[in-house]
Amino acid sequence: MTLDLSLSTKQSLDLSPTRTRTLEVVDKSNRLKSTSLGGKMVAEYWDNIFTAKERGKHVVWYNGTALNPIFQAAGLEWCHGEAFSARLAAMHLEGPAQQAGEEYGYIAELCSYARTHLGCAVMTQKGITEKQSGIVGMVDQEELASKLPSPDFFVNAYAGCSTGQQWDAMTYRVFGKDFPIFNVSLPMIWGNKKDSGYLRGTEWEKTPLYVEEQLKKLIEFIEYQTKKPFDWDALSENMSYIKRASELRLEAMALCAAAPTPATYWDWVASIAPINFLPANQLLVDYFQAVKDEIQQRIIDNISAVQNERYRVYFDGIMNWNKLGFLTRKFAEFDVAVVAGRYTHDSFWQEPQLIDLDRPLLGMAQHYLICPINHGLKIMEELLLKRCDEYAIDGIAFHSTRTCRAMTNPQHILARTAERDRGIKSFSFEGDVADAAFYKDESLESGLVAMLESIDQQRAKV
Amino acid sequence: MHELESVAFSVLETVAADPIGYAVEWKRRTGRPVVGSFPMNFPSEIVHATGALPVIVQESRTPITEGRSLLPEFYCSYTRSVADQAAVGELDVFDAFVLADHCVQLLGAADVIRWAKPETPMHFAQFISSMDDPWSGAQVRDKVASLRVEVEEIVGVTVTPEALRVSIRAFNANRHLLRRFYDLRKTGRLRVSARQLQVLVKSSMVMEITEHTQLLESILSGLELPSEPPDSLVRLHLSGHFCAPPRPELLDLIEECGVLVVNDDLYHGTRYISTDVPEDGDPFDALATWYLDRNVSAPCGTRVQRNVDWDSYLVDSLDDSGADGVITLMAKFCEPLMLYYPELRKVLDARDIPVLLIETEHEGLAAESIRTRVETFVERIRRQKLKVPTLA
Ligand code: SF4
Ligand code: SF4
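Conventions used here
- Residues numbered from 1 in each chain as written.
- Chains lettered and ligands numbered in written order.
- Predicted model: local features only at pLDDT ≥ 70, side-chain atom pairs only at ≥ 80, totals over all residues.
- Heavy atoms only, no water.
- Helix = DSSP H or I, 4+ residues; strand = E, 2+ residues; numbered from the N terminus.
- Rg over C-alpha atoms; globule rule 2.2 N^0.38 Å.
- Buried < 20%, exposed > 50% of the residue type's maximum accessible area, 1.4 Å probe, protein only.
- Contact = heavy atoms within 4.5 Å.
- Areas by Shrake-Rupley, 256 points an atom, 1.4 Å probe, with all protein chains shown as cover.
- Lys, Arg positive; Asp, Glu negative; His and termini not counted.
- Charge placed at Lys NZ, Arg CZ, Asp CG, Glu CD.
- Near = heavy atom within 4 Å.
- Nonpolar A, V, L, I, M, F, W, Y, C, P; charged D, E, K, R; others polar.
- Right-handed = clockwise from strand over helix to strand, strands pointing away.
- Expected span 1.5 Å × (residues − 1).
- Arc of directions from axis to C-beta.

Please clarify how the overall build of chain A should be interpreted in this entry.
Counting its regular elements, chain A contains 18 helices and eight strands. Relative to the compact-globule value of 23 Å for 462 residues, chain A shows a C-alpha radius of gyration of 22 Å, a close match. Dimensions of chain A, computed from C-alpha atoms along their principal axes, come out at roughly 70 × 50 × 40 Å. A total of 462 residues make up chain A; the buried ones form 63% of that total. The contacts of chain A with a sequence gap of at least 6 include a subset with a gap of at least 24, amounting to 80%. Of the roughly 16600 Å² that chain A leaves accessible, carbon and sulfur atoms contribute 53%. Across chain A, the 49 positively charged side chains and the 60 negatively charged ones have centroids separated by 3 Å.

Explain the side chain of A:Ser150 to me, please; I cannot follow it from the model alone.
Its location among the elements puts A:Ser150 in the loop between α5 (112-133) and β3 (153-157). Those residues within four positions of A:Ser150 in sequence are excluded, and the remaining contacts are A:Lys53, A:Val59, A:Trp61, A:Thr124 and A:Ile128.

Is there a simple way to think about the site of ligand 1 in this case?
Taken together, A:Cys111, A:Tyr113, A:Tyr158, A:Cys161, A:Gly164, A:Trp167, A:Ile373, A:Thr403, A:Cys404 and A:Ala406 make up the full set of residues near ligand 1. For the shell around ligand 1, the residue count by class is eight nonpolar, two polar and no charged.

Help me understand the pairing of strand β6 (residues 259-264) of chain B in this model?
One face of the sheet, then the other: side chains in a regular strand alternate in exactly this way. β6(B) sits mainly inside the fold: six of its six residues count as buried. One crossover worth recording links strand β5 (residues 234-240) of chain B to the parallel β6(B) by way of helix α10 (residues 248-256) of chain B, and it is right-handed.

Looking at this model, I keep getting lost on the site of ligand 2. Mind explaining?
Taken together, B:Cys76, B:Thr79, B:Cys103, B:Gln105, B:Phe242, B:Cys243, B:Thr302, B:Cys334 and B:Pro336 form the complete shell of residues around ligand 2. Tallied by class, residues from the shell around ligand 2 come to six nonpolar, three polar and no charged.

Sorry if this is basic, but what is going on with the environment of A:Pro187 here?
Here A:Pro187 lies in the loop between β4 (181-183) and α7 (202-226). Owing to a relative accessible area of 12%, A:Pro187 belongs among the buried residues under this scheme. For A:Pro187 and A:Ser304, which are 117 residues apart along the polypeptide, the C-alpha to C-alpha distance reads 41 Å. Beyond its immediate chain neighbours, meaning those up to four positions away, A:Pro187 contacts A:Thr207, A:Tyr210, A:Val211, A:Leu369, A:Asn374 and B:Gln126.

Before we go on, may I ask you to explain helix α6 (residues 162-174) of chain A in this structure?
A turn of α-helix holds 3.6 residues, and therefore any two residues three or four places apart point the same way. Residue and element names in this part refer to chain A. Compared with an ideal rise of 1.5 Å per residue, which puts 13 residues at 18 Å, α6 spans 19 Å between its outermost C-alpha atoms and is within 8% of the ideal. Burial runs high along α6: 13 of the 13 residues are buried. Gly176, located one to two residues past α6, shows a positive phi value of around 65 degrees.

How should I be thinking about helix α15 (residues 367-386) of chain B in this particular structure?
Residue and element names in this part refer to chain B. The end-to-end C-alpha distance of α15, which contains 20 residues, comes to 28 Å, matching closely the 28 Å that a straight helix rising 1.5 Å per residue would cover. Looking at α15, one finds that the buried residues are Ile370, Val374, Phe377, Val378 and Ile381. Here the buried residues of α15 occupy an arc of 100 degrees about the axis, which is enough to place them on one side. Residues of α15 that are exposed and point over 90 degrees away from its buried face: Glu368, Thr376, Arg383 and Leu386.

Spatial relationships are all this shows, so hold off on functional conclusions.
Here it is as structure tokens:
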């Protein structure tokens, strides 16, 4: 992604220090309106999934990378494990699933995405058993967590995190190994060679070919399961929508290099579900067109995403889904615009130029490998500094995600790199991806204030 | 339980207590490189075939200091310790590092090493962890080939098939001897503590393998057999604990509670020595075969394989050893074990086999609370054994 901004989008910011200002507890954030359509699309998508069995559809449960264009082309209904866990957490409805997981034996320190979803599996499995035994009603079907249709098969393709693959191996066992599972193995881009780097080097050239071959095998597996020939034209068509939606998303993101920014990281978080697993179609493209249009209009109308933006911050870490609205307001309260983040900007079809509609599987394989937890340290450092430069970042918020070691892995070193190479300050706060119990407000607030004060001091020196 | 007390055993005890000290001394003595590898599936034979010393990097007993600011506290004790050792310079003896396992926490620690020791090569030959796919074998063979190139470059020596065959035979012989100790324990012919067996296995991960074998032979030849344990002891199987050994004090504590440990599936135990490398055919392919075979002979929660189950393997082991119950030792925050544990518990519960979970940490041992839990557990098993079946 290159950022091409005319100077007219840059405005002078009020950069007076944090300590001399009185913080008002008003909501100073100004989220995009267009993303609310995404919320509606996502809700409809899940409602549709819940009735898949009644409609006689094959259901695949999957985790990790965005295989959905393949599933869509095969006429399947797809349930993404993390997406459902995230949805439950964002709606504060994760409790019953996590409790079911705990009763089954999963310890609270285990990835909360996994244990939420495994809890759903336990509930779904219980539902199947009850139906088979004729005892219906023990599971409250009104509980969202118990609504997932049982799978016909599983597909796992998890980049960067060993837990991601093991999690599905356990889901497979929770269902008594009754449904087949297919594993796509995604090697880490370790980046140890002299020629290694982001999208370059021998390792980068070779590895996607290996993954592409596995995707072909996956398609054979799906053909066998569905007893239907795979529709390759449909896959190319799906990828054409994804490519266009992705281009629009990146163009819209690039507009946020403007200061003050017209949209924030939180708007991009709200747009994850559409780009990550909603059906690839014109609606998806229209969604990102609307987001881009709104951002463009905001620039014309001089509307910022955070009232009185004084600091531009990068967010590193997976999203804390229980706290989306809260964090949006919290950062804005301190005049902080969280402009970009690893989870949003270095994921989700972020290199659309790699998608070749005549050979869609290769571009897909390449995207699966550039998942932001699948790089070694050297590439992580390269990407972080690039984003900091693009978005004129003043500071970094590291979300030290208690049960997601994959996202947390490089954070301490990245913090040192940003300070060493760019003089960028950072802080770390404790939270989790889908377990609110691990969130520590005091660690966020004290860390944020300390970081902003260091930025003030830096500015005073200049 | 003193059968292993001998000069040879005390040498192994010293090495197990100070692996880095041994590596430094070996390097001084031979002038050859030392290559560090990481648990749990690295084929040390390929490094040995170059003449370098392959050492599986161990968790250190020293408190974690610098490492605190490099990996968060919610990582397993092994990875936190490795990061700390890298940061404080304890790993300086190593001329290179090699790893084959993808555990997300281990890779975090490996990145800390890369950052702390940028001049030291760190090669990752990522062995596929999905074991029964049609392409699994080819993938591992490919990685063994890349490993060969890397170690040749590191050491500056070509790994010939002949040299590798010699190394394979040396490691097989060593595993064979170690398994004899485990078999003798299982059959009750040898009273040996879990701590002592851990010393044997841990030292084999560090020492030059033929030197280790000679010491094992010396210990074996001095053993006085048989020595039957008292019937009053409750027979237990120790399960779990990947990558790092459980603290010896914990093993002692368990055995002090009226327990006879008869078998285990610990990494610093039968898991490590479970499988030999085939000695016929192409020796490089044999290393790939060994990797795939290992998950069949001792299934592991870090691998995924449809047709192999750790739970049923565990139940078979219990049948074989006559263990009355299981203590699962879990390094706190170890995700693969956290994920698999409910499946193990489910199968054990279904067979009415008692199981106790104990979490371990780098920082220490809550000895008294663990002792109370183990004693209660042992009492429960005793009562269960005394139960007279009632007529329906
Ligand atoms: S630990 Fe993080 S990356 Fe790994 S499976 Fe869980 S959420 Fe995904
Ligand atoms: S398998 Fe468990 S003990 Fe080993 S490195 Fe991974 S988390 Fe740590």
